[in-house]
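# Understanding the architecture of this molecule
In case you want the letters, here they are:
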Amino acid sequence: MSAPYLELRGLGKSYDGRTRALDNVSLTAAKGEFITFLGPSGSGKTTTLMLVAGFESASEGDILIEGRSIGRVPPHKRGIGVVFQNYALFPHRAAAENVAFPLLMRKMPKAQAMAKAAEMLGLVGLERFGGRYPREMSGGQQQRVALARALVFDPALLLLDEPLGALDKNLREQMQIEIKAVQRRLGVTTIFVTHDQSEAMAMSDRIVVFDGGRIQQVGAPLDIYRYPSSSFVARFVGDSNILAARLTDPAGGQAEIAGIGTVRVPALPAARAGDAIELLLRPECLKPGSGLDNAARLTVDVIVHFGDSALVTGHAGGTPLRARLEGLAAQGISAGDTLPLSWATSSSHVIGRDAAG
Amino acid sequence: MRGLLLSLGAVVLAFIAAPLLIVVPMSFSSAASLEFPPPGWTTAYYGAFFGDARWTQPTINSILIALAVAVLTMAMVTPATFALVRHRFAGKSAVNLLLMLPLAVPHIVIAIGYYAYLSDLRLLQTFPGVILAHTALSVPMAFLVLSASLKGFDRSLERAAMSLGASPAATFRHVTLPVLWPGFAAAALFAFIQSFDETVVALFVSGRDSMTLPRKMFDSIRTTADPVIAVVSTLLFFTVAALVILPMLWRSFSRSRS
Ligand SMILES: Nc1ncnc2c1ncn2[C@@H]1O[C@H](COP(=O)(O)OP(=O)(O)O)[C@@H](O)[C@H]1O
Ligand SMILES: [Mg+2]
């Protein structure tokens, strides 16, 4: 592989000189990649973006684009487009003037800049809104103007900090698709910040999971979902059962779970018998009946129907368990019932161990 | 209850609004000295005011001084406000206190202080002397007004501008200033009006060549109760009222338009 397009090298940041907002963040991105920073509030996502954009300076580490350090380049010379959560549109300028602003700052003649701004507004579906002031537009429209403004000057990088947080659910899903489409079309390398795991799953080439100012895991959405490297990641990304188990035969892939008994797990040749492990079982991997590799009997405490699916919570011999069943399969189940469930060994994952097994 | 409110309203009118407005009919009075009610009506004293350099010169002086005070105040208060609102530094609260000090000291004390101070600098009775003293008085209000509007300013606008390629200077010119201009305008207006109607300090530090309008009025009413004073009062009253009220009207107009 050639040199990465973007590289964050050991970034650290302390605002007050004592507590660390960011610690040893290293990451590379290929040109055109869509990367999402996912993590709870206060985990350092915004801080990382601020360092990349140049609004804050790093306490340690460096940022490189195409191998050149931009750590000491002032923000207005970095050529990085930023979309803020509150849009940050200039209230005294109409939409088209907002979009033309970066071109005018680059000394493009006014007529040419306005023409290019109009073209960009067309790309985000606002061709007839150029004369509107931000206060005359809806949240979704303002967000699109902000996107057009951040893209019109062919930025080296596009940064979006929770850009959809203020929108309602339907609009948010529509904007996810639109942002993704525009990003693909222009091929701009993008970092998108969110604390919403489904948004991260839907949009990203790769997800970077943050917690406590550190990167917890980097990977493709499905890899992160299936093979989380820690119980934090497993819980943060998707719904989960995390079962405490004890290995009885590591190489053969056998373990013992209290209340369920002996189960098969992915083989762990490097582990030792007697080791404590955490087994991740996604609720949708538990199927009704006993047709799969491993079986458990679930005593139902609560069942919630969503139509297309139903979430059953209960316990198996004292071990709490959640199962997501298909809507039709869940018909007729009620609290107090005992359900036979089973799961395929390959759908389970031993947290913190290699996915190779 | 209703009767009580009505009589309270009448008292307010009688003792607050009436003295403010009584100068208006008095300025059209035909009497040879200030008296109310007027025995007859004339506009002759308006002619007397505009035709007499002893009145027009102090008026021009006052306008020039107030303009200079507004400019000087803004030149000092703008960087101070940005520093105090946006940055943390040692001695910040002391600086804050110092800026607000003129508000806490009685005008007469400030007047005496400037009298002694400016005479040492040989600036007594000069334009620069009056301008300096008035600027000191204008700083606290201008600072309060500007810092209130700066605190409400969304800094992500500036960050957006910089990410879009605007240098710090261009960001200030194209984003910060246009967005904050009502705050700047209000602060400058306060400084202007403060200087324009200031009397106590002007009595001490302005002189024959730097005579301000309020000082001229004071001198005049001590010697003769010239009805021209009612004319000046009326003009002053409407000028200042217009300066204060017009921006409010303009704002509500531009809001209803959008
Ligand atoms: N300007 C700042 N001054 C001081 N501390 C800050 C500042 N910005 C963020 N922090 C702290 O840094 C940590 C990371 O914050 P942030 O990067 O905003 O997290 P996120 O965007 O993931 O919610 C938090 O503990 C936060 O309190
Ligand atoms: Mg944040």
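The residue numbers shown here count from 1 along each chain, following its written sequence. Key to labels: chains lettered from A, ligands numbered from 1, both in the order written. Given that the model is predicted, a residue must reach a pLDDT of at least 70 before its local features are reported, and side-chain atom pairs must reach 80 or more before they are shown or counted; all residues, however, enter totals for whole chains, interfaces and linings. To obtain the side-chain values, all non-hydrogen atoms of the structure were included, while hydrogens and water were left out.

In the nomenclature of an unreviewed UniProt entry, chain B corresponds to ABC transporter permease from the organism Teichococcus aerophilus.

An unreviewed UniProt entry annotates chain A as ABC transporter ATP-binding protein originating from Teichococcus aerophilus.

## Considerations on the UniProt feature "domain: ABC transmembrane type-1" (unreviewed entry) in chain B
UniProt positions are given in the numbering used here, feature names are shortened, and annotations may be inferred rather than shown by experiment. Per the UniProt record, the feature "domain: ABC transmembrane type-1" (unreviewed entry) sits at residues 59–247 of chain B. The annotated region residues 59–247 of chain B carries 81% helix and 0% strand content, and the separation between its end C-alpha atoms amounts to 23 Å. Secondary structure counts use DSSP, requiring at least four H or I residues in a row for a helix and at least two E residues in a row for a strand, with both numbered from the N terminus.

## With respect to the domain arrangement of chain A
Residue and element names in this part refer to chain A. With domains assigned, chain A is organised as domain 1 (6–234) and domain 2 (239–350). The straight-line distance from the C-alpha centre of domain 1 to that of domain 2 is 39 Å. Only heavy atoms matter for contacts: two residues are in contact if any of them lie within 4.5 Å across the pair. At the junction of the two partners, domain 1 supplies 7 residues and domain 2 supplies 9 residues. A simple way to read buried area is as the amount of 1.4 Å-probe accessible surface that goes missing from two parts once joined, with both sides added. Buried surface at the junction of domain 1 and domain 2, both sides included, amounts to about 690 Å², of which 43% is carbon and sulfur. Segment limits for the domains were obtained from an automatic or database-derived domain assignment.

## Some details on the UniProt feature "transmembrane region" (unreviewed entry) in chain B
Residue and element names in this part refer to chain B. Under the local residue numbering, the UniProt record ascribes the feature "transmembrane region" (unreviewed entry) to residues 63–85, 97–117, 129–150, 171–193 and 228–250. End C-alpha to end C-alpha, residues 63–85 measures 31 Å, and it is 100% helix and 0% strand. Counting secondary structure, residues 228–250 comes out at 100% helix and 0% strand; the distance between its end C-alpha atoms is 32 Å.

## Some thoughts on the site of ligand 1
Residue and element names in this part refer to chain A. Note on terminology: near, applied to a residue and a molecule or strand, indicates that one of the residue's heavy atoms is within 4 Å of it. Surrounding ligand 1, one finds Y15, A21, P40, S41, G42, S43, G44, K45, T46 and T47. In the environment of ligand 1, an oxygen atom lies 3.1 Å from a nitrogen or oxygen atom belonging to the backbone of S43. Here T47 contributes a side-chain N or O atom positioned 2.5 Å from an oxygen atom of ligand 1. Method for areas: the Shrake-Rupley scheme with a 1.4 Å probe, in which residue coverage is limited to the protein chains shown. Compared with its free state, where it exposes 560 Å², ligand 1 has 57% of that area covered by protein. Under the scheme applied, nonpolar residues are Ala, Val, Leu, Ile, Met, Phe, Trp, Tyr, Cys and Pro; charged residues are Asp, Glu, Lys and Arg; polar residues are all the others, including Gly. Among the residues forming the shell around ligand 1, the class breakdown is 3 nonpolar, 6 polar and 1 charged. Identification of polar contacts relies on pairs of N or O atoms within 3.5 Å, with a donor-acceptor requirement for protein atoms, meaning one able to donate a hydrogen and the other able to accept it, and with residues adjacent in sequence counted only if both atoms are side-chain atoms.

## Regarding the interface of chain B and chain A
Taken together, the 19 residues of chain B in the interface contact 23 residues of chain A. Buried surface at the junction of chain B and chain A, summed over both partners, amounts to about 1,800 Å²; 67% is from carbon and sulfur atoms. Area buried by chain B at its contact with chain A is led by B:R159, B:S163 and B:L164, which between them contribute 38% of it. Basic side-chain nitrogens of Lys or Arg form a salt bridge, by our definition, when they fall within 4 Å of a carboxyl oxygen of Asp or Glu. Across the pair A:E56 and B:R159 runs a salt bridge whose closest N-O atoms are separated by 3.4 Å.

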